[in-house]
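Structural overview for review
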Amino acid sequence: MSKISLCLLLIAGLFASSVQDPARGARYMIPERIERATVEDDEGKLQWAEWPAPECGSCKGAGTMVCATCARFAKDAKDCPECGRKDPKNLTACRACAGSGKIADPLDEVPCAGCMGAGMLLCTVCGGGGQLRVGAAKRWSKCPACRGKGKFDCGACKGKRVMSSLVIKPSLREADVDKLRKAMKAVDASLALFAAFVPQGGTKARKEVKALGKAYDAMKKYHPSFKAMVKTSKSYMSKIFAGAQFQGHAENEANTMNRLKANAEYYLKHQKRMLGLAIARAEANAGK
Ligand SMILES: [Zn+2]
Ligand SMILES: [Zn+2]
Ligand SMILES: [Zn+2]
Ligand SMILES: [Zn+2]
């Protein structure tokens, strides 16, 4: 088999068994399967091979996807917090590649740990529609959580949909073994906090928001966006609590926090994989 077709197969495999989550609307690379080739230089040291920037497996290179936010809106809905409903097919930027159509070098760029590529945090009280009809009321009224906007700002990416890799000096690519191992420890500690975080919402919700903040906080030294998410998650959830007058709010609060948890876990698992590859390279180069 030629090198190129093998390479294509590997890339296809990255997405093959990824689950298409309807709420996320996109297929993301499976962190544990991400490969990043190295080449030996003249001194026998391993250097990172050039990244081939493969086509995004989720949008097949188009850079767009049918908006997942307004998929369940009424057909004549005029606005959507993600796509704006200006396109006749409701196309919006692909969440998996931030609209580029290509997979960026995983050593440098990762889907946002806050929003996972949506570029915003959805108001889960109104589902993004901005309006609610309560009980037997005939009239629609503005959603009390988002006041009609349908969304909140993502403090982690500020709308960019992506985040850089962990901040390690001089970089995740080139850092020495000790620094990389230290970062790996921090990632494992944060992952353990997220794994132990099983929100139920309702009367427990306020306490749970604090626990969520702690899990983000464990990574604050390694990325300013995690530091930002401590604050963002708190203010986001305080707005979602404005839906406490509605039936099923506890479940909705739990689901909202679970979504934040899953988004952060994806980023951390992605970075755990990249750290593992970087450690293997650094160890080989250090002769250990
Ligand atoms: Zn894409
Ligand atoms: Zn939309
Ligand atoms: Zn974001
Ligand atoms: Zn709302």
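Let us look at the structure shown here. (Residues numbered from 1 in each chain as written. Chains lettered and ligands numbered in written order. Predicted model: local features only at pLDDT ≥ 70, side-chain atom pairs only at ≥ 80, totals over all residues.)

**Digging into helix α2 (residues 177–196)**
The terminal C-alpha atoms of α2, which comprises 20 residues, lie 29 Å apart, in line with the 28 Å expected from a rise of 1.5 Å per residue. Buried residues of α2: Leu180, Ala183, Ala186, Val187, Ser190 and Phe194, and no others. Seen end-on, α2 carries its buried residues on one side only, within an arc spanning 120 degrees. Turned more than 90 degrees from where α2 packs its buried face, Asp178, Lys185, Ala189, Ala192, Ala195 and Ala196 sit exposed. At its buried positions, α2 is contacted by α3 (205–217) and α5 (249–286). (Helix = DSSP H or I, 4+ residues; strand = E, 2+ residues; numbered from the N terminus. Expected span 1.5 Å × (residues − 1). Buried ≥ 20, exposed ≤ 12 C-beta atoms within 10 Å, placed from the backbone. Arc of directions from axis to C-beta. Contact = placed C-beta atoms within 7 Å.)

**Observations concerning the environment of Phe197**
By secondary structure assignment, the location of Phe197 is in the loop between α2 and α3. Residue classification places Phe197 among the partly exposed positions, given that 18 C-beta atoms sit within 10 Å. Put simply, Phe197 and Lys261 are 64 residues apart on the chain and 8.0 Å apart in space, counted from C-alpha to C-alpha. Residues contacting Phe197, with those up to four places away along its chain left out, are Ala211, Leu212, Ala215 and Lys261.

**A few points about the environment of Lys158**
Topologically, Lys158 is positioned in the loop between β9 (151–152) and β10 (162–164). Given 13 C-beta atoms within a 10 Å radius, Lys158 is considered partly exposed. Each C-alpha atom, one on Lys158 and one on Cys115, is 9.8 Å from the other, the two residues being 43 residues apart in sequence.

**Description of α3**
The end-to-end C-alpha separation of α3 is 18 Å, in line with the 18 Å expected for 13 residues at 1.5 Å each. Looking at the buried positions of α3, the neighbouring elements they touch are α2, α4 (224–240) and α5.

**Focus on the packing of α2 against α5**
At a minimum axis separation of 9 Å, α2 and α5 run at an interaxial angle of 155 degrees. Classified by the interaxial angle, the pair formed by α2 and α5 is roughly antiparallel. Like other packed secondary-structure pairs, α2 and α5 cross with a definite hand, here left-handed. Contacts between α2 and α5 involve Val177, Leu180, Arg181, Ala183, Met184, Val187, Ser190, Leu191 and Phe194 from the first element and Lys261, Ala264, Glu265, Leu268, Gln271, Lys272, Leu275, Ala278, Ile279, Ala282, Glu283 and Ala286 from the second. Residue composition of the contact of α2 with α5, grouped by class: 14 nonpolar, 2 polar and 5 charged. (Axes fitted to C-alpha atoms, helices over the stretch in contact; angles between N-to-C directions. Parallel < 35°, antiparallel > 145°, perpendicular 65-115°, else oblique. Left-handed = near helix turned anticlockwise from the far one by under 90°. Nonpolar A, V, L, I, M, F, W, Y, C, P; charged D, E, K, R; others polar.)

**Concerning unusual backbone geometry**
Put simply, Lys169 and Pro170 share a cis peptide bond, and its omega is -5 degrees. Along the chain, the position of Pro170 falls in the loop between β10 and α2. Its identity as a non-glycine residue notwithstanding, Lys60 has a phi of 55 degrees, on the positive side. Residue placement: Lys60 occurs in the loop between β2 (46–48) and β3 (64–66).

**Quick look at the nonpolar core**
If you look at the biggest cluster of nonpolar residues, it comprises 65 residues, and the most contacted ones within it are Cys112 and Cys115. Of all elements in the fold, only β6 (121–122), β10, α2, α3, α4 and α5 reach the threshold of two or more residues within this core. Here this core gets 11 residues from one element, more than from any other, and that element is α5. Residues contacting Cys115, with those up to four places away along its chain left out, are Met120, Leu121, Cys154, Ala156, Cys157 and Asn263. In this structure, Cys67, Ala68, Cys70 and Cys83 belong to the second largest nonpolar core, which totals 5 residues. (Core = buried A, V, L, I, M, F, W, Y, C linked by C-beta atoms within 7 Å.)

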